[in-house]
Amino acid sequence: MAALSLVAGGIWALSPWPAGLGFLTALLLGFRTLGPRRVALCGLLFVVGALRGAHALSSYDAERFALRDAIGDPRRCAFTAEVDSSPIEQRGSIGFLAEVREADCEGASLPPFRARVYGGPQGLARGDVVSGVADFAPTQLFRNFGAADPRPSGVRSGAVASGGALSMSVESRGLGPLSWVDRARNRVRSRIVATFPPLAVPMAKALVLGESDLDPDDDAAFRASGLSHLLAVSGTHLVFAVVSLVNALSFVLVRWEAFAATVRVARVASALGVVLSLAYADFAGGSGSAFRAAYMLSVGFVVTACGRRPSAVRCLAASMLLGAALDPLVACDVSFLLSVAATAGLIGINPVLSGFVQGLRPRPLAWLVQSLATTTSAMLPCVPLLSLLSSEVGLAGMVANVFAGPIGEACALPLCLAHAVVSFWPWLERGTAMAGGGALLLVRAIARLSAEQSQLRFALPVPSGFELSLVGALGVALLALKRGQRLRGLFAAAAALAGLGALERAQAAAGTPRGALVATVLDVGQGDSTLIDFPDGSLWLVDGGGFVGSPVDPGKTVILPELRARRRTRIDVMILSHPHPDHFTGLESVLGAVEVGEFWDTGQGLAQGAGPIYARILAQLRERGVPVLTPSELCGERRIGGVQVQVLAPCPGFRRELGANDNSFVIRLVLGARAFLFTGDAEHEAEENLLARGAPLRADFLKVGHHGSRTSSSPAFLDAVQPLVATMGTGVRNRFGHPHTPTLEKLAARNIAALRSDRHGAVRLETNGSSLRVVTVADGR
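Residues numbered from 1 in each chain as written. Predicted model: local features only at pLDDT ≥ 70, side-chain atom pairs only at ≥ 80, totals over all residues. Heavy atoms only, no water.

Caption draft 1: Fine view of the nonpolar core. In this structure, F196, F222, L227, Y280 and L440 are the most contacted members of the largest nonpolar core, which totals 45 residues. When residues of this core are traced back to their parent elements, those giving at least two are α5 (177-195), α6 (201-209), α8 (235-253), α10 (265-283), α11 (288-305), α17 (395-419) and α18 (426-451). Not counting residues up to four positions away in its chain, the partners in contact with Y280 are V233, H237, L238, A241, V242 and L417. Within the second largest apolar cluster, 30 residues are counted, among which are F96, A98, V117 and V160. (Core = buried A, V, L, I, M, F, W, Y, C linked by side-chain atoms within 4.5 Å. Buried < 20%, exposed > 50% of the residue type's maximum accessible area, 1.4 Å probe, protein only. Helix = DSSP H or I, 4+ residues; strand = E, 2+ residues; numbered from the N terminus. Contact = heavy atoms within 4.5 Å.)

Below is the structure:
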């Protein structure tokens with residue numbers, strides 16, 4: 001309870017009501033078991049955790065905002081920095097965290113800051129000092145209502161900027177244990193690449209070094225099959241790597257009679273095990289799950305070295321306390337929480353399920369049932385956390401674990417670890433690489449086969465903060481049970497399930513607001529995407545965001561998580577304002593995941609071409625039979641879902657002599673006395689055409705054209721619209737300088753609240769036809 005209190009306190013800064021109510025419920029359920037003094041201690045630890053979490057977030061925000069204001073747009077900088085994290089290879093590029101000591105960015109000197117740098121040379125290690133030229137920009141964080149807050153991962157890394165190096169050289173080499181660990185990692189990585197079968201190389205790097213460099217199809221298969229844990233560094237790795245060494249050392253020392261006669265060999269070996277546990281966790285990539293397992297094993301070794309017998313439950317609790325003490329926001333590290341949940345399941349659930357297996361015959365059946373029981377014990381507590389990462393869970397994955405688990409943990413893991421230390425013996429190195437690679441390829445085949453069994457998968461809703469709090473309170477209630485209180489445990493579980501059902505219904509209702517017009521302007525960086533809820537419960541999506549050259553798909557990272565949080569599986573109307581990548585890229589992923597009623601398109605992309613993504617979107621629409629409507633069918637006014645929908649441009653169709661921006665859809669939505677105006681990337685010429693035609697433009701909310709560029713939002717246009725609130729889809733990494741200063745000045749001169757996605761995150765505007773309510777993610781008000 002002390003460990004859970006400190007861990008849960010960190011969540012308060014992000015979700016105060018769910019965290020606070022969940023914690024109070026847990027204390028009430030466990031009060032009789034804990035007693036008033038322990039309850040007071042838990043309350044104190046929760047407050048300490050909450051204060052530390054809030055301080056960590058505020059400090060990170062202050063550093064991030066200070067750098068953003070200092071650097072402005074992305075800059076090319078000459079820099080000197082010290083490598084501060086283990087370099088990781090992904091897609092052939094070396095990336096690492098660096099403490100940038102000096103940076104001259106196009107004549108502007110920046111204060112020291114921490115950045116994630118890509119494109120470093122091979123052979124880097126912590127402590128190395130490097131210099132070079134890189135394109136630095138503030139870290140892009142997508143902040144939306146339906147997605148987890150991205151700041152805790154930023155707090156954990158400390159990076160407030162990132163950039164790709166154009167050139168880099170090593171000025172001096174680092175010395176010390178951390179540098180030695182990284183040089184050992186570099187050596188092992190190079191030998192894996194040189195000796196393993198090519199298809200097995202990414203899996204071997206994940207298993208030994210904790211580097212996530214899987215092929216996208218393989219990564220999707222491992223996630224869908226529930227076998228990702230076989231490639232993650234966990235307690236099993238430490239058992240093989242550390243416990244085996246400690247046992248081997250004990251075996252040798254106990255035969256040294258003079259030493260064994262004067263010293264307790266087990267204590268000496270256990271003391272060495274503490275160092276080996278932490279060193280191996282660092283060597284294996286330093287993930288949350290790796291260090292959580294290392295903390296637990298280290299506590300066990302310390303207890304053994306003191307001549308006591310370790311308790312699994314207390315070692316687990318101690319590892320959680322250590323994790324929370326070192327990282328105030330450890331509750332937001334899903335890998336850490338998954339490790340805790342799986343270990344708790346093996347400690348608490350597996351003995352119960354194993355009791356039903358005893359006496360089964362024949363032995364193969366007993367082995368199969370025991371494997372299923374162990375897999376179920378580890379997976380069951382993880383389901384609420386897995387639902388944060390994936391929208392589906394597969395029953396086929398449980399069966400796949402039964403067969404892939406022994407292959408991965410009993411064959412691939414020891415062979416890959418052995419490969420790391422036998423490079424001095426070439427034929428043995430090649431043999432372990434071939435055998436370990438073969439085992440990994442077999443696990444890969446099982447993962448792909450399991451992932452293909454779509455009929456055995458069912459959807460998982462992403463849990464709300466209140467639902468996670470209720471699950472946590474249930475766990476506490478079960479922990480507080482004493483022997484002979486099974487009936488009380490069943491009652492608590494039934495009550496929790498009923499509560500989850502009620503919360504789920506409330507979450508679904510909140511995701512489909514009725515009786516109001518709600519526009520949610522999503523934070524997709526330098527691009528546009530807006531979800532619009534109509535009073536009758538229908539849902540529209542205007543644009544899908546995206547950016548040329550960016551590996552981030554806003555459909556997968558922003559729009560689909562938002563829909564999943566709302567429990568929405570259908571978009572009634574999908575609109576592409578104009579055929580530019582920063583507006584249509586994310587639509588491709590969304591189209592493949594949800595039902596779409598109809599698609600609105602200006603037709604210019606079809607007539608003049610707009611690239612392969614746009615072509616694939618049209619092909620998907622044709623394949624699925626989704627009607628595509630153009631301005632000739634849409635221009636004018638109609639009533640949809642209780643709202644007056646006015647399509648003002650491009651009417652009666654797009655003009656070939658104009659660019660795509662000035663052929664953007666301009667749509668006005670009117671409910672009662674309130675109106676919303678969406679302008680795509682319309683620039684001055686489109687605005688002048690609307691004014692000349694006398695189009696109805698007045699609106700309370702304006703989606704500013706072209707991301708706040710100086711080429712849009714003329715004084716005459718703003719005077720015609722007279723908005724109270726205006727939003728701009730801008731990213732901190734945009735090189736265009738959006739929003740431009742003249743646009744901001746024109747908005748400020750008219751007392752228009754200008755909300756930028758790079759500073760305010762997502763914005764939600766809600767009206768019932770008379771009142772207008774505006775909420776931003778960043779302010780939470």
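Alright, that's what it looks like, and here's the rest.
Caption draft 2: Inspection of the state of the cysteines at higher detail. Using the criterion set out here, one finds 2 disulfides in the structure. Across the disulfide, C77 is cross-linked to C105 (sulfur-sulfur distance 2.0 Å). On the sign convention where negative means left-handed, the S-S torsion of about 105° between C77 and C105 marks this disulfide as right-handed. Of this pair, C77 sits in strand β1 (residues 75-83) while C105 sits in strand β3 (residues 93-105), placing them 28 residues apart in sequence. Sulfur-sulfur distance for the disulfide between C635 and C651 comes to 2.0 Å. Taking the torsion about the sulfur-sulfur bond, which here is approximately -100°, the covalent link between C635 and C651 counts as left-handed. A residue pair is termed long-range when its members are at least 10 positions apart, and C635 in the loop between α26 (631-634) and β16 (636-640) and C651 in the loop between β17 (643-649) and β18 (666-671) qualify at 16 residues. Judged by its relative accessible area of 26%, C635 is partly exposed. Given the relative accessible area of 25%, C651 is considered partly exposed. Across the chain, the way the bonded cysteines pair up, counted in sequence order, is 1-2, 3-4. C306 carries a free sulfur, and the closest cysteine sulfur to it, the one in C315, is 12 Å from it. Accessibility expressed as a relative area gives 55% for C306, which makes it exposed. (Disulfide = S-S within 2.5 Å.)

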